[in-house]
Amino acid sequence: MDYVIEMLNIRKEFPGIVANDNINLQVKKGEIHALLGENGAGKSTLMNVLFGLYQPERGEIRVRGEKVNITDPNVANALGIGMVHQHFMLVDTFTVTENIVLGSEPKKAGTVNLKHAEDQVRELSERYGLNVDPKAKIRDISVGMQQRVEILKTLYRGAEILIFDEPTAVLTPQEIKELIDIMQSLVKEGKSIILITHKLKEIMEVCDRCTVIRKGQGIGTVDVSETNPTELASLMVGRDVSFSTEKTKAEPKETYLSIKDLRVKDVRGVEMVKGLNLEVRAGEIVGIAGVDGNGQSELIEAITGLRRSESGTIRLHDKEITNLTPRKVTQSGVSHIPQDRHKFGLVLDFPIGENMVLQSYHQKPYSKKGVMNFKNIYQKAKNLIAEYDVRTPDAYTPARALSGGNQQKAIIGREVDRSPDLIIAAQPTRGLDVGAIEFIHKKLIEERDKGRAVLLLSFELDEIMNLSDRIAVMFDGQIIADVQPEETNEQKLGLLMAGNSTQKAGEQ
Amino acid sequence: MFSNRLFNILVPIISVLLGLISGAIIMLIFGYNPIAGFAALWNGAFGDAYFFGETIRQVTPYILSGLAVAFALRSGLLNIGVEGQVFMGWLASVWIGISFELPMILHLPLAILAAAIAGAFWGFIPGLLKAKLGVHEVIVTIMMNYIALYLSNSIVRNLLSDGADRTENVAATASLQSNWLAEMTFYSRIHYGFIVALLMALVMWFIINRTTTGFELRSVGFNQHASKYAGMNVSKNIILAMVISGAFAGLAGAMEGLGTFGFMSIKSGFTNIGFDGIAVALLGANTAFGVILAAFLFGILKIGALNMPTAAGVPTELVEIIIALIIFFVASSYMIRWVILRFKKEGK
Amino acid sequence: MLKSRFLMVLVFLLTFGVFLAACGSSGGEEETSGSSSDDSGSEESSGEENSDFSVAMVTDVGGVDDKSFNQSAWEGLQAFGEENGMSKGEGIDYAQSESDADYATNLNRLVRQDYNLIYGIGYLLQPAIAEVSEQYPDTNFALVDSVQEGDNVASIVFKEHQGSFLAGVAAANKTNTDKVGFIGGVDGSLINKFEAGFVAGVKSVNPEIEVEVEYAESFNDSQKGQAIASNMYSKDIDVIYHASGGTGNGVFAQAKDIKNSNPDEEVWVIGVDRDQHEEGQIGDSNVTLTSMVKRVDIAVQEVANQAMNGEFPGGEVLEFGLADDAISIARTNEEAMTEEIVSAVEEWKEKIVNGEVEVPSTREDLQTFLDSM
């Protein structure tokens, strides 16, 4: 069997830790090969070794059977290895073509010859069905399109082996679908693809084989056709994982949150929430499904007091909380797991322990007459860290140093511990691995069972379907449908999210 | 992992050493004896009790201006206006010092308090503009510096004196000067203000590290979004940070007005106490304790350097270059630290 | 843990510093105890032992190369040194000040280095001289441009208003536009003296001539000087008299700029303190009409000589004026200073020296002077 890439017994150390230990990765020509592992398992390190960003301590790399020494990314490029980074490296104000040729500009008599490059880009784009306009400016095109520009960049430089680093993390469901088509057409043309991911569904859908890494160790390679998500998950995590979270039927009680005719404008002054009505009752999880940018963020910011609402009312029980300050909203019994945990959820440079009292530092027993009581704060933090399984060296470690999953667990611990009436969870599992997702889902259901109202916002349809007791579909600033998860499927939801009426979706 | 704390301590020490070494190389190139040069610097700062007293005298306002800059920086604000706030504090303390007849127990605290309030007011204006209108504090404070300079010149000339270049001396009841200390140090101008400066460092440490106010200020400094999310009033904290920072700066002015000089004269330019305060704060890693150490370094350099031309024959220009090099390395250490931290962040 | 160790190091350093300080001062005392007791005991006799005599000066913030009175004072000391076989570091020296706070430190340091006579150059040093002279009654001080009482202080002042009057006469004779300008350093009694004399001189020649007066509020901000000069020249003012130390460098720069772009343009600067002919040179022409020369060097040299000979004029106020030739009007620019102007200047000088004209030295006196015309 001939492999295009062979990485044998790779070992890479960083001061104090072994990031990769004895890992083998063999990629066949023309296959889509998944590299699966939890966050921090060593996937990125391994790929950076292949791309020439790191030098391994031990092991060898073979490309098309020949032993090579990849000293820097230029060598990797010359060998036909291209990387599609998770964070795009594009110049906003340049055109697609300009970005693609950047660094290897075709020169004619000292001036850059863009005409020729443009034709090449158009030709490549058509061949692989990328549908990219070579003359468009980067700032004018969508995130999905920008990713395609990154793909084109590697193809333009003659890549035969493409590494995709968590490519679906930033995409909408529709865009993911299109990306999968693109990957399949690339493989058809004889390219090989390494897909770094921790999303099992994607692996099952597009990959031929899958190599699993756990805690820096190579666990093995399996044929996707001979495995199932449960097996992959337990290989990745090292124990059995349940997917569809066990939950009993909800028993909704009195209405906790009721929103009437709410109108909210965004930063630019554009109305994003346009007369929205919504109710959430005690003991139920209401999932808001919708394509990003339909007013979901503005809705949540309005409820939590972070953004002024123009008109309408928001009530918690019988108390109106419209346009109260965030602190007053919090004190009325609302907890908020924010969408962007780095921007809103945590002060990353504070110790994790102090982040645990971010809202309650001014109350007893954490402070008295304006003087902080760090002993009580850290005592509380230690309890929460233990209870919510936050993996951190100690409570004094800066929040920045924790992995995403542990940061999120800390936030959830903090928010849930306040015993709120309403929990707003916005994308609570974004970017997390299976183990953390499982934990968080379980916690949210636990809280529901304690009789709390949970408002869930997510762009992952799986999560909405799994967790919600009721799904509210949001489109263009309004709730356009209210459906039961057991009475719908992803396809129907997708149509609703695109703005079709319930009736029309039903007909499909 | 390489200890963060060790890193924080090592970086400034290394940069000071680098500065000294490159200063030595420059002296060698121009044919001066670096050992004699640095010996002159050392003697100029510690050579006898007089110079030691003068060094302490110079360190005193540096501690306070350093605290002012550091306090604002901890809250995410760059207070370039410390210089102007020093002027207002100086003016206010002297004004009170010359216009009242009160027992010392009232007069001195009143004069010091007036300085703090005047500085605080001068910090309040840019704080308010930043919080309510989003005007960048750097631009406002730079302009406020000029207003302070010319306003205080005008007040000294027209209100506090009869067209003269300086005010009369402050009353003995409002003076920080101490015969006892002066005599002990061969009539250096060391004064009780040093105690005020150390006390204020303690105050800053307490506010920042031990109070809910400090918790909020630091939180706002690191992440305004998260602070707002957590229910803190971001605008209030921005204004408060500038007010407290300005109060520290105003006290630095009082040190000059009630201590070093005992009067205020018309200034043809800035005192640089405020601007050097920026370097002091950065070198001191924005902590109260670090600021004290950094203020000492700056005070030693400033006072010691005066001795280099006469004692070691090193021309003043060269001394300026050497001092600038040390500050350069100190400042670039901050840049290096910043770059390293950025890399750490991106790596995550 | 680490922090506390660091603290220990600091404490150690400081203790070490104080320890050294103690050593240094005791050592220093040993070294100098003989001479310092000598100084106090034989202050008068020290004059006779010329070889021991040393003299130093402290500049104001302008620095020793301000092309103005600090530099002039140092030239005086150098001349004195040359006569007596001294050089910088050997018998004569200067200390430059970076800020107001440095004056006292510098004076003190020089006292401790056992200089017999220490000059404070510029009125800005008056408070510092007052303080230090009181603390060290055994050392002699001389203050230039201001007055300080005390048996060990000689005050050297100049009748700048007289010289400025003559500068005004020259300016009035030179102007074609009947508009002249005055740029002062910092608004205060000293520079007001220049202003009053200059305005009086101009108006004495022709009361119709307009005089625009501006202050830069700085003695070392040449950019500001340039900005004011630019403004004045653009308003048809063709002669500017500056009394602003280093700020005046900007005035020269602006005049030269104008001259450079249009060699036929008639713009003039009147320099101050030293003969600023060099500053005005551009190609073959020169924008320096003349300079109100204040011979700080002569005064400094004179007082140094007196002190060396044991005749230090302690407690006296030495006034140097036109009659002593310590104030004069430069004639280096022969092309610009025509016969006519020179004779007019001479004529008025006569009147001042023989008391026929009493030159005003404050704004109030100027008003009376103008009213009486």
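Every value quoted in this text rests on a predicted model; they were computed, and no experiment measured them.

What counts, and where the lines are drawn
- Residues numbered from 1 in each chain as written.
- Chains lettered and ligands numbered in written order.
- Predicted model: local features only at pLDDT ≥ 70, side-chain atom pairs only at ≥ 80, totals over all residues.
- Heavy atoms only, no water.
- Axes fitted to C-alpha atoms, helices over the stretch in contact; angles between N-to-C directions.
- Helix = DSSP H or I, 4+ residues; strand = E, 2+ residues; numbered from the N terminus.
- Parallel < 35°, antiparallel > 145°, perpendicular 65-115°, else oblique.
- Contact = heavy atoms within 4.5 Å.
- Core = buried A, V, L, I, M, F, W, Y, C linked by side-chain atoms within 4.5 Å.
- Buried < 20%, exposed > 50% of the residue type's maximum accessible area, 1.4 Å probe, protein only.
- Polar contact = N/O pair within 3.5 Å; in protein donor to acceptor, adjacent residues only side chain to side chain.
- Domains from an automatic or database assignment.
- Buried area = accessible area lost by both parts, 1.4 Å probe.
- Salt bridge = Lys/Arg side-chain N within 4 Å of Asp/Glu carboxyl O.
- Nonpolar A, V, L, I, M, F, W, Y, C, P; charged D, E, K, R; others polar.

Colleague: Hey, could you run me through the packing of helix H8 (residues 193-210) of chain B against helix H11 (residues 234-260) of chain B in this one?
Modeller: The description of two packed helices rests on the angle between their axes and on the distance between the axes. Residue and element names in this part refer to chain B. Between H8 and H11, the shortest axis-to-axis distance is 10 Å and the interhelical angle comes to 170°. One finds that H8 runs roughly antiparallel with respect to H11. Residues Gly193, Val196, Met200 and Met204 of H8 lie in contact with H11, whose contacting residues are Phe248, Leu251 and Met255.

Colleague: Looking at this structure, I do not really get the nonpolar core. What am I missing?
Modeller: For soluble globular proteins, nonpolar side chains are generally found buried alongside one another. Formed by 170 residues in total, the largest nonpolar core has its most connected members in Leu67 of chain B together with Leu117, Tyr119, Ile156 and Phe165 of chain C. Considering every element that reaches this core, the biggest residue donor is H11 of chain B, with 14 residues. With residues near it in sequence (within four places) discarded, Ile156 of chain C still touches Tyr119, Ala142, Leu143, Val144, Asp145, Ser146, Ala299, Val303, Leu318 and Phe320 of chain C. Counting residues in each nonpolar core, the second largest holds 56 residues, with Leu402, Val416, Leu467 and Met497 of chain A among its members.

Colleague: Quick question: what am I supposed to make of the side chain of Asp145 of chain C here?
Modeller: Residues and elements named next belong to chain C. The topology assignment puts Asp145 in the loop between strand S5 (140-144) and strand S6 (153-158). Of the residues examined, Asp145 reaches a relative accessible area of 7% and is grouped as buried. In terms of polar contacts, Asp145 uses its side chain to reach the side chain of Lys294, at 3.0 Å. Discounting chain neighbours no more than four positions away, the residues touching Asp145 are Phe69, Gly122, Tyr123, Ile156, Val157, Phe158, Glu160, Leu190 and Lys294.

Colleague: In this structure, what is going on with the domain arrangement of chain C? I would like to understand it.
Modeller: For interface size, the figure often reported is the accessible area lost on association. Residues and elements named next belong to chain C. Annotation of chain C at the domain level lists domain 1 (51-158 + 295-321) and domain 2 (160-294 + 338-371). Averaged C-alpha coordinates put domain 1 and domain 2 at centres separated by 28 Å. Residue-level contacts link 13 residues of domain 1 with 16 residues of domain 2. For the pair domain 1 and domain 2, the summed buried surface comes to about 1,300 Å²; carbon and sulfur atoms form 53% of the total. Interface area lost by domain 1 to domain 2 is led by Lys67, Tyr123 and Phe158, which between them contribute 39%.

Colleague: Just checking my understanding: could you explain the domain arrangement of chain B for this structure?
Modeller: Residues and elements named next belong to chain B. The domains assigned to chain B are domain 1 (1-32 + 320-348) and domain 2 (48-313). Look at where the C-alpha atoms of domain 1 and domain 2 centre, and you get two points 26 Å apart. Taken together, the contact pairs ten residues of domain 1 with nine residues of domain 2. Summing both sides of the interface, domain 1 and domain 2 together bury roughly 900 Å²; the carbon and sulfur share of this comes to 85%.

Colleague: Sorry if this is basic, but what is going on with the interface of chain B and chain A here?
Modeller: In this complex, chain B contributes 20 residues to the contact, which on the side of chain A involves 28 residues. Taken together, both faces of the contact between chain B and chain A bury some 2,200 Å²; the carbon and sulfur share is 65%. Among the residues chain B hides against chain A, the three largest losses belong to Thr212, Phe215 and Tyr229 of chain B. Together they make up 34% of the total. There are one salt bridge connecting chain B and chain A. Our enumeration of links across chain B and chain A arrives at twelve residue pairs in polar contact (both at pLDDT 80 or more). When residues of the side of chain B that touches chain A are traced back to their parent elements, those giving at least two are H8, helix H9 (212-222) and helix H10 (224-229) of chain B. The dominant element in the side of chain B that touches chain A, judged by the number of residues it contributes, is H9 of chain B, at six residues. A breakdown of the residues in the side of chain B that touches chain A according to their chemical character gives seven nonpolar, seven polar and six charged.

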